[in-house]
Amino acid sequence: MLTQFRKPVLLNTLLCVTFFSLSASAIDLTADLASRVSDVKAGNQQVVLLGKELKTGQPAPAFKVVDNNFKTVQLSDFKGKTLLISVVPSIDTGICSLQTKRFNSEVANMPDDVVLLTISTDLPFAQKRYCQQEQVADMAVLSDAVWRDFGSNYGLLIKDMGLLTRAILLIDSTGKLRYQQLVPELAQEPDYDAALAALAALQKKS
């Protein structure tokens with residue numbers, strides 16, 4: 001009886017050790033990323049961003065994130081489409097919520113070849129709950145929590161916070177980064193009009 005009782009306890013202990021070991025390894029991966037002091041501020045402090053700084057006009061880096069069912073979503077899934085990516089630090093906070101709802105409301109105005117996405121490092125469970133609660137149903141809300149692949153590849157991961165800086169990106173139908181707006185203050189909403197004007201101009205060229 002004692003042996004039978006101890007087996008699940010031992011198994012749970014091993015699983016916990018494995019989980020924390022994997023977590024530690026995942027955190028260590030960011031140590032090799034390039035870092036830069038950005039123009040973005042959190043209060044009066046300039047934010048250090050991890051990952052390579054991107055320039056407009058270059059091919060958009062591949063990325064993989066997950067949806068609220070932990071299904072992998074990749075940039076290649078949107079081949080031939082124009083993408084507007086709304087990047088937020090944490091979806092269930094005031095400014096991030098306003099940003100997400102604003103772009104969700106714009107989906108109805110977009111042609112079929114334009115896709116709007118929101119990406120944050122919130123867990124898929126939290127994103128799903130938020131979208132149901134706030135009736136955000138017209139745009140995909142995706143999580144970079146599993147691999148931090150998007151934030152690392154786009155140079156948008158905030159050092160020591162595990163969050164993405166607030167930004168808007170436009171990727172054209174050929175897969176090139178055509179516009180990026182890094183919001184200068186984390187607690188500030190983006191310039192929606194500028195981003196949407198850039199999107200409209202991009203569509204005219206298509």
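Below is a summary of the structure that appears in this document. These numbers come from a predicted model, not from an experiment. (Residues numbered from 1 in each chain as written. Predicted model: local features only at pLDDT ≥ 70, side-chain atom pairs only at ≥ 80, totals over all residues. Heavy atoms only, no water.)

### Section: the overall build of the protein
To be explicit about the condition: Strands here mean DSSP runs of E at least two residues long; helices mean DSSP runs of H or I at least four residues long; both are numbered from the N terminus. Here the term buried applies to any residue with accessible area under 20% of the maximum for its type, exposed to any over 50%, and partly exposed to those in between, with areas from a 1.4 Å probe on protein chains only. Any pair of residues with heavy atoms lying within 4.5 Å of one another is described as a contacting pair. Using the Shrake-Rupley algorithm and a 1.4 Å probe, accessible areas are obtained, with residue cover drawn only from the displayed protein chains.
The helix and strand tally for the protein stands at five helices and ten strands. For the protein, with 206 residues in total, the buried portion stands at 41%. The long-range fraction of contacts in the protein, counting pairs at least 24 apart against all pairs at least 6 apart in sequence, stands at 64%. Accessible area of the protein: about 11,500 Å², with a carbon and sulfur share of 56%.

### Observations regarding the packing of helix α2 (residues 94-106) against helix α5 (residues 192-205)
This is how the line gets drawn: The axes are straight lines fitted to the C-alpha atoms, using for helices just the contacting stretch, and the angles between their N-to-C directions are given from 0 to 180°. In this scheme, a crossing is called left-handed if the near helix is turned counterclockwise away from the far one by less than a right angle; it is called right-handed if the turn is clockwise. Three classes are used, and their members are as follows: Ala, Val, Leu, Ile, Met, Phe, Trp, Tyr, Cys and Pro are nonpolar, Asp, Glu, Lys and Arg are charged, and the others, Gly among them, are polar.
Contact geometry for α2 and α5: axes closest at 12 Å, N-to-C directions at 35°. In terms of crossing hand, the pair formed by α2 and α5 is right-handed. Residues L98, Q99, R102, F103 and E106 of α2 pack against Y192, D193 and L196 of α5. Class assignment of the residues belonging to the contact of α2 with α5 gives a composition of four nonpolar, one polar and three charged.

### Section: the pairing of strand β10 (residues 177-182)
Our working definition: Two strands are said to pair when DSSP picks up at least two bridges between them.
Here strand β9 (residues 167-171) runs beside β10; their pairing, made up of five bridges, is antiparallel. Note that in β10 the partner of L169 across the bridge is Q180. Between β9 and β10, which pair antiparallel and follow one another directly, the connecting turn spans five residues, one of which, G175, has a positive phi of 90°.

### Describing the packing of aromatic side chains
Heads up, the rule is: Centres within 6.5 Å make a pair out of two Phe, Tyr or Trp rings, where for Trp the six-membered ring is used; the pair is then stacked when the planes are under 30 degrees apart, edge-to-face when over 60, and tilted otherwise.
Under the criterion given, the structure shown has five aromatic pairs. A centroid spacing of 5.9 Å and a plane angle of 75° characterise the contact between F63 and Y154, whose relative ring orientation is edge-to-face. In this pair, F63 sits in the loop between β2 (45-50) and β3 (64-66) while Y154 sits in the loop between α4 (149-153) and β8 (157-158), placing the two residues 91 residues apart along the sequence. Summarising the aromatic geometry, the rings of F150 and Y154 are spaced 4.7 Å apart at their centres and angled 25° between planes, so their arrangement reads as stacked.

### Here we look at the layout of surface pockets
To keep it simple, the criterion reads: Using a grid of 1 Å spacing that covers the protein atoms alone, one calls a set of points a cavity when a 1.4 Å probe fits there but cannot get out, and a pocket when the set is open and has protein on both sides within 12 Å along at least five of seven lines; lining residues are those with an atom within 4 Å of a point. Grid points are joined across faces, edges and corners, and a volume is the space filled by probe spheres set on the points.
By volume, the second largest pocket is sized at about 180 Å³. Every residue along the wall of the second largest pocket is listed here: R36, S38, D39, V40, E53, L54, Y154, L156, Q180, Q181 and L182. Contributing elements (two or more residues each) for the lining of the second largest pocket: β1 (35-42) and β10. For the lining of the second largest pocket, a count of residues per class yields five nonpolar, three polar and three charged.

### Re the side chain of N104
What counts, and what does not: Here a polar contact is taken to be a pair of N or O atoms separated by no more than 3.5 Å, where protein atoms must pair a possible hydrogen donor with a possible acceptor and residues adjacent in sequence count only if both atoms sit in side chains.
Here N104 lies in helix α2. In this structure N104 comes out as buried when scored by relative accessible area, which is 9%. There is a polar contact of 3.2 Å between the side chain of N104 and the backbone nitrogen of M139. Look past the residues within four positions of N104 in its chain and what remains in contact with it is Q135, V136, A137, D138 and M139.

### Some points on helix α3 (residues 124-134)
Quick reminder of the rule: The directions from the helix axis to the C-beta atoms form the arc being described.
For α3, every residue scored as buried is listed here: P124, Q127, Y130 and C131. Down the axis of α3, the sector holding all buried residues measures 125°, keeping them to one side. Exposed positions of α3 whose direction lies more than 90 degrees from the buried face are F125, Q132 and Q133. At its buried positions, α3 is contacted by β3, α2, β6 (114-120) and β7 (140-143). Phi turns positive, to about 55°, at Q135, one or two residues after α3.

### Things to note about the pairing of β2
In this sheet, β2 lies alongside β1 in antiparallel orientation, the contact comprising five bridges. Bridging from a neighbouring strand, A42 pairs with Q45 of β2. Remark: two residues form the turn of the hairpin made by β1 and β2, two consecutive strands paired antiparallel; G43 in that turn has positive phi of roughly 70°. Relative to β8, β2 is paired through two bridges, and the arrangement is antiparallel.

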